[in-house]
Amino acid sequence: MTDNVIQIKDLEKIYGSGTNEVLALEKINLNIQNQEFICVLGPSGCGKTTLLNILAGFEFPTKGFAEVLGNPILGPGPDRTMMFQDYALFPWLTISKNIEYGLKQRNFGKSERQKIVNYFIELIDLKGFENKYPIQLSGGMRQRVALARAMAVDPAILLMDEPFAALDSFTRERMQDELVRIWQLNKKVVVFITHSIEESIKLADRIIIMSPRPGRIVEILTLDSARPRDISSDECVRVARRIREILHLVANN
Ligand SMILES: Nc1ncnc2c1ncn2[C@@H]1O[C@H](COP(=O)(O)OP(=O)(O)OP(=O)(O)O)[C@@H](O)[C@H]1O
Ligand SMILES: [Mg+2]
C-alpha cells in the first residue's frame, strides 16, 4: 500500500484527428503522494492545462490513465476543485456567500457553513469584508476569496492553473506566501501550474519540468528546504539556475 493519491501512467493526449491532430501529451508517468505540493513548469503549449483538465475530469486521455486513490477519473468530483487563472467569483453574491457556495451545494448545515466561512474569512485576512461584493475588492483580495472558496469544501486535491499569473508582482508574492501558509495549516495535494521558475521554487515539494509540445516530463526536482523560502538564498538561486539550464536544453532539442 502506498500513499499515492494521484497515479498517472503512460498517459497520452491527442486532440483532433487527421491533419488537425495535435499530440499534446506523451508518455506522462507521475505518482503524487498525500499532502504533496506539486508545481508543473513548462513552455506555453506544452500541455500543462491539458494535464490539469484530465485530473479535473474535464478531458480524457487518449492512451494510458489517470487515477485518484486507485479509481479512474471519469469526470469532475467533490474530491477535486479547480482554481482557474481568472477564477470568476459570483458577482451577485457577497464574499461570505461566495465562500459558502460549494458548502451549500454539498448540503452542509447552516451552522457548520457559518463556522467554515468564518474560519476562511480570518485565514485570508478579510474580516470586515464579509458582506461586500467582489467588485468592491481589489484583484488580490478577490484571488484570496477564490482560494478560500476552492479550499472551503475541503477537497483532497486542489488543482490550480496559473492562479496568480494576472497579479502584479507584489500581490503575487503575497498570495504565494498566503498559499504556503494556508497549505501548511491544512495540507492537501496541490497541483499548481506556473510559468514562473521563482514561484515554483517558493511553493513546491517537487517541480515537474515539461518539454515543449508534445509535453513530456523531462525532469522532476525535489525541494526539501523549509518554508517560507527565500528566493534569493543560495539554494534557491542554485535550483533556479538548474531549471533554466534544463528548460534551455529542452527548448533546443
Ligand atoms: N480543446 C482543444 N482542442 C484542440 N487542441 C487543443 C485543445 N486544448 C489544447 N489544445 C492544444 O494542445 C496543446 C497544449 O495546450 P495546453 O492548453 O494544455 O498548453 P499549456 O501548457 O497549458 O499552455 P499555456 O502555458 O500557454 O497555458 C496546444 O498545442 C493546444 O493548441
Ligand atoms: Mg495553460
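Our subject is the structure that appears above.
Residues numbered from 1 in each chain as written. Chains lettered and ligands numbered in written order. Predicted model: local features only at pLDDT ≥ 70, side-chain atom pairs only at ≥ 80, totals over all residues. Heavy atoms only, no water.

## A word on the overall build of the protein
- Within the protein, the regular secondary structure consists of seven helices and ten strands.
- Its C-alpha atoms give the protein a radius of gyration of 19 Å, near enough to 18 Å, the size a compact globule of 253 residues would have.
- A principal-axis box enclosing the C-alpha atoms of the protein has dimensions of 55 × 45 × 40 Å.
- Total accessible area on the protein is roughly 12,500 Å²; 50% of this is exposed by carbon and sulfur atoms.
- For the protein, the distance from the average position of its 32 positive side-chain charges to the average position of its 31 negative side-chain charges is 4 Å. (Helix = DSSP H or I, 4+ residues; strand = E, 2+ residues; numbered from the N terminus. Rg over C-alpha atoms; globule rule 2.2 N^0.38 Å. Areas by Shrake-Rupley, 256 points an atom, 1.4 Å probe, with all protein chains shown as cover. Lys, Arg positive; Asp, Glu negative; His and termini not counted. Charge placed at Lys NZ, Arg CZ, Asp CG, Glu CD.)

## As for unusual backbone geometry
- In this chain, arginine 213 is followed by proline 214 through a cis amide linkage whose omega measures -5°.
- Tracing the chain through its elements places proline 214 in the loop between strand 9 (206-210) and strand 10 (217-222).
- In this structure, the amide linkage connecting arginine 227 to the following residue, proline 228, adopts the cis form with an omega of -5°.
- Topologically, proline 228 is positioned in the loop between strand 10 and helix 7 (234-251).
- Phi is positive for aspartate 10, close to 45°, though the residue is something other than glycine.
- Take aspartate 10: it is sitting in strand 1 (residues 4-15).
- The class for aspartate 10 is partly exposed, based on a relative accessible area of 39%.
- One non-glycine residue, leucine 69, lies in the positive phi region at around 50°.
- Looking at the secondary structure, you find leucine 69 in the loop between strand 4 (63-68) and strand 5 (71-72). (Buried < 20%, exposed > 50% of the residue type's maximum accessible area, 1.4 Å probe, protein only.)

## Remarks on the sheet that holds strand 9
- Taken together, the six strands give an open sheet; going across it, the order is 6-7-8-3-9-10, and neighbouring strands pair in mixed fashion. Sheet topology places strand 6 (80-83) and strand 10 at the edges, where each strand pairs with a single neighbour. Adjacent strand axes in the sheet meet at a mean angle of 15° when their direction is disregarded.
- The pairing of strand 9 with strand 10 spans five bridges and is classified as antiparallel. Across the sheet, the residue bridging to isoleucine 207 is leucine 221, located in strand 10.
- Most of the contacts of helix 5 (residues 169-185) go to strand 8 (residues 189-194), to which it runs at about 165°, and overall it touches strand 3 (37-41), strand 7 (157-161) and strand 8.
- Contacting strand 3, strand 9 and strand 10, helix 7 runs over the sheet at an angle of about 175° to strand 10. (Pairing = 2+ DSSP bridges. Axes fitted to C-alpha atoms, helices over the stretch in contact; angles between N-to-C directions. Contact = heavy atoms within 4.5 Å.)

## Some remarks on the site of ligand 1
- Taken together, 14 residues are adjacent to ligand 1, and Ser44, Gly45, Lys48, Thr49 and Thr50 come closest.
- At 3.1 Å from an oxygen atom of ligand 1 is found a main-chain nitrogen or oxygen belonging to cysteine 46.
- In the complex, the protein chains occlude 62% of the 640 Å² of accessible area that ligand 1 would expose alone.
- Sorting the residues of the shell around ligand 1 by element identifies strand 2 (22-33) and helix 1 (48-56) as the ones contributing at least two each.
- Element by element, the count of residues in the shell around ligand 1 is highest for helix 1, at three residues.
- Partitioned by chemical class, the residues of the shell around ligand 1 number five nonpolar, six polar and three charged. (Near = heavy atom within 4 Å. Polar contact = N/O pair within 3.5 Å; in protein donor to acceptor, adjacent residues only side chain to side chain. Nonpolar A, V, L, I, M, F, W, Y, C, P; charged D, E, K, R; others polar.)

## Section: the nonpolar core
- Within the largest apolar cluster, 49 residues are counted, with the highest numbers of intra-cluster contacts made by Ile99, Phe192, Ile201, Ile207 and Ile243.
- If we ignore the near neighbours within four places in the chain, the residues touching isoleucine 201 are Ile207, Leu223, Arg229, Ile231, Cys236, Val239, Ala240 and Ile243.
- With 27 residues, the next largest nonpolar core counts Ile8, Ile32, Ala56 and Ile73 among its residues. (Core = buried A, V, L, I, M, F, W, Y, C linked by side-chain atoms within 4.5 Å.)

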